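Structural characterization, general
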Amino acid sequence: MNDKTLLLYLVIGTLFVAGESRAELIQFDVPTNDRWLYPFNGAPGSRPTGSTFGAGGISGFNDRDGYNIYGWDTGDVIDPSIDWEQKRVSRVTLRLRSQGGAAWPVDLTLDEFWTNDLNGDGTINADGIPRGGVGDTDGESDDLDPGRPLELLGAGFGPFESRASWDEFGFYNGSFGEDDLPRDPYPLAFRDGVEVHAEDNIKGLHNGALGAFTVEPWAIGVPEGYVPGSTPDAFDVVFDVDLTVGDGEVEEYFQEAFDGGRLFLTVSSLASATFPPVPGGFASFYMKEGDLFPGFAPPRLEVEIVDRVVGELVPGDADGDGDVDGDDLGIWRLNLGTLTGASLGMGDFDSDGDVDGFDFGIWQVNYGRLGDLGVGAFVSVVPEPGSV
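Every value quoted in this text rests on a predicted model; they were computed, and no experiment measured them.

1. Side note on the overall build of the protein
- Along the protein, the regular secondary structure elements total four helices and 15 strands.
- Looking at the protein as a whole, 49% of its 388 residues qualify as buried.
- Counted over contacts in the protein with a minimum sequence separation of 6, partners at least 24 positions apart contribute 70%.
- Total accessible area computed for the protein in this model is approximately 17100 Å², and 55% of it derives from carbon and sulfur atoms.

Laid out in structure tokens, this is it:
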């Protein structure tokens, strides 16, 4: 292990839960690579801040016009030969430090693609008719809350770059005010189990016949101690990754990244940039080179890896295959709302005769556990009624 790696991470500790699993919590204190991916970034790899904004629907610019990519070399810290049948990624948290003086509105909800300006007329829902309503001409509807969420996604590469080759000083690949070109690297999302480009999800480009679609973020940034226009000091924005997005594809993304020794994440937003810019009107985060700024902190990543537990049959295993995974969630979704006569095989994990949110809570708590596959029993976690 080299000195650089020692500076990049801190293994917080190995936690033991009696009768259950062992958890290893790893903290990366600074990324190996980070870059503001913007066509007019004149200091790639050395810029101290990176802002996130969109140019949704504007030809020649990617919908997610200014966004950040963060990368960590993990091979010296997380064993690339981990047996993922025995372990799983249980938590991933990215913490970014925003510049002070921010004024952007907080939005913690998913925004459908049709709440953006699809036809490029400069006004969202100019006809005033909800999407699909009688007389709707632009296919748009108003967004019910202000702002746009800060969205964490993966990073896809190709055709010029790869996960193994990319670094923060490389050539910019993407739209540059003229042609509608894909980014490389690009924000990566999942759609029906398939990896897709997300940089132009409003214009519906780069994914064959898919067309415009709503991106399901892996995490939405939650600011800490922030009041728009009234927080002069720097503050943190926290992204807790939902590893169940895409029926498990997100967790598999992290597993594959750790197998290859390099992990990349992107943070973007479709918040419209204004010209001239409004001070603090969109989120701007410190990169690892921003140490001369007041309140600076670099991007920080925490990863928790736990042992899969072998033992009793685990509540949440609807298909009876010995584990609790996305297939079981699919069965719960299919039978959600069944009021009488439900069974374990239909998603009634608390055996009260119906399939509801309490059953989802049981699936969520037990997600990733193995059961009834060997010796070594443990006490399954079943939430108390009303605690979910």
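2. What to know about the side chain of Asn173
- Tracing the backbone through its elements, the reader meets Asn173 in the loop between strand E7 (151-156) and strand E8 (186-191).
- There is a polar contact of 3.5 Å between the side chain of Asn173 and the backbone oxygen of Phe171.
- Ignoring any residue separated from it by four or fewer positions in sequence, one finds Asn173 in contact with Phe160, Glu161, Pro182, Arg183 and Asp184.

3. Quick look at the nonpolar core
- If you look at the biggest cluster of nonpolar residues, it comprises 55 residues, and the most contacted ones within it are Trp218, Tyr253 and Phe254.
- It is helix H2 (residues 249-260) that contributes the most residues to this core, five residues altogether.
- Apart from residues lying up to four places away in sequence, Tyr253 is in contact with Gly154, Ala155, Arg163, Leu188, Phe190, Trp218, Leu263, Phe264 and Leu265.
- Membership of the second largest hydrophobic core comes to 11 residues, among which are Val314, Val324, Leu329 and Ile362.

4. Some remarks on the side chain of Thr266
- Turning to its location among the elements, Thr266 is positioned in strand E13 (residues 262-268).
- A polar contact of 3.0 Å, which involves the side chain of Thr266, links it to the backbone oxygen of Gly154.
- With near-sequence residues (within four places) excluded, Thr266 lies in contact with Tyr67, Asn68, Ile69, Glu151, Leu152, Leu153, Gly154, Ala155, Tyr186 and Pro187.

5. With respect to a nonpolar patch on the surface
- On the surface, a cluster of nonpolar side chains totalling about 210 Å² of accessible area is made up of Val106, Leu108 and Val222.
- Note that Val222 resides in strand E11 (residues 222-223).
- A relative accessible area of 39% places Val222 in the partly exposed class.

6. Focus: the pairing of strand E12 (residues 235-240)
- Counting buried positions along E12 yields five of six residues, so the element is predominantly enclosed.
- One ladder, built from six bridges, connects strand E6 (residues 87-98) with E12; its direction is antiparallel. In the sheet register, Arg95 faces E12, and the bridge partner there is Val238.
- As paired elements, E11 and E12 share two bridges and run antiparallel to each other. Counterpart to Val222 in the pairing with E12 is Val238.

7. Quick word on the pattern of salt bridges
- As enumerated under the stated definition, the model contains 16 salt bridges in all.
- Put simply, Glu151 and Arg64 hold a salt bridge, and the shortest N to O gap is 2.8 Å. Of this pair, Glu151 sits in strand E7 while Arg64 sits in the loop between strand E4 (49-51) and strand E5 (67-73), placing them 87 residues apart in sequence. In this structure, Glu151 and Arg64 share a single accessibility class: buried.
- For the salt bridge of Asp111 with Arg148, the shortest nitrogen-to-oxygen distance reads 3.1 Å. Of this pair, Asp111 sits in the loop between E6 and E7 while Arg148 sits in the loop between E6 and E7, and the two are 37 residues apart along the sequence. Accessibility classification places Asp111 together with Arg148 in one group, the buried group.

8. A few points about the environment of Leu110
- For Leu110, the location among the structural elements is in the loop between E6 and E7.
- Classification of Leu110 by relative accessible area gives partly exposed; the value is 38%.
- As for Leu110 and Leu150, which are separated by 40 residues in sequence, their C-alpha atoms are 9.7 Å apart.
- Residues within four places of Leu110 in sequence aside, it is in contact with Thr214, Val215, Glu216, Pro217 and Ile220.

9. What to know about the packing of helix H3 (residues 326-335) against helix H4 (residues 357-366)
- Where H3 contacts H4, the two axes come as close as 11 Å, and the packing angle between them is 180°. The angle between H3 and H4 falls in the class roughly antiparallel. Where H3 approaches H4, its residues Gly326, Asp328, Leu329 and Trp332 are matched on the opposing element by Gly357, Asp359, Phe360 and Trp363.

10. Digging into the packing of aromatic side chains
- Summed over the entire model, instances satisfying the criterion amount to 22 aromatic pairs.
- Both rings, one in Trp104 and one in Phe235, keep their centres 6.1 Å apart while their planes meet at 40°; by these two values the pair is tilted. Residue Trp104 is found in the loop between E6 and E7, and its partner Phe235 is found in strand E12; the two are separated by 131 residues along the sequence.
- With relative accessibility at 4%, the residue Phe235 sits in the buried group.
- Arranged with centres 5.8 Å apart and planes meeting at 90°, the rings of Tyr253 and Phe254 form a pair that is edge-to-face.
- Residue Tyr253 is classed as buried on the basis of its relative accessible area of 2%.
- For Phe254, a relative accessible area of 0% translates into the label buried.
- Members of the aromatic cluster, each reached through a chain of ring pairs, are Trp36, Tyr38, Phe40, Phe53, Phe61, Tyr172, Phe176 and Phe282.
- One residue, Arg163, lies across the ring of Tyr253, its end atom 5.4 Å from the ring centre.

Parameters and conventions
- Residues numbered from 1 in each chain as written.
- Predicted model: local features only at pLDDT ≥ 70, side-chain atom pairs only at ≥ 80, totals over all residues.
- Heavy atoms only, no water.
- Helix = DSSP H or I, 4+ residues; strand = E, 2+ residues; numbered from the N terminus.
- Buried < 20%, exposed > 50% of the residue type's maximum accessible area, 1.4 Å probe, protein only.
- Contact = heavy atoms within 4.5 Å.
- Areas by Shrake-Rupley, 256 points an atom, 1.4 Å probe, with all protein chains shown as cover.
- Polar contact = N/O pair within 3.5 Å; in protein donor to acceptor, adjacent residues only side chain to side chain.
- Core = buried A, V, L, I, M, F, W, Y, C linked by side-chain atoms within 4.5 Å.
- Patch = residues over 30% accessible without salt bridge, like charges linked within 9 Å, V, L, I, M, F, W, Y side chains within 5 Å.
- Salt bridge = Lys/Arg side-chain N within 4 Å of Asp/Glu carboxyl O.
- Pairing = 2+ DSSP bridges.
- Axes fitted to C-alpha atoms, helices over the stretch in contact; angles between N-to-C directions.
- Parallel < 35°, antiparallel > 145°, perpendicular 65-115°, else oblique.
- Phe/Tyr/Trp six-rings, centres within 6.5 Å; stacked < 30°, edge-to-face > 60°.
- Lys NZ or Arg CZ within 6 Å of the ring centre and 35° of its normal.

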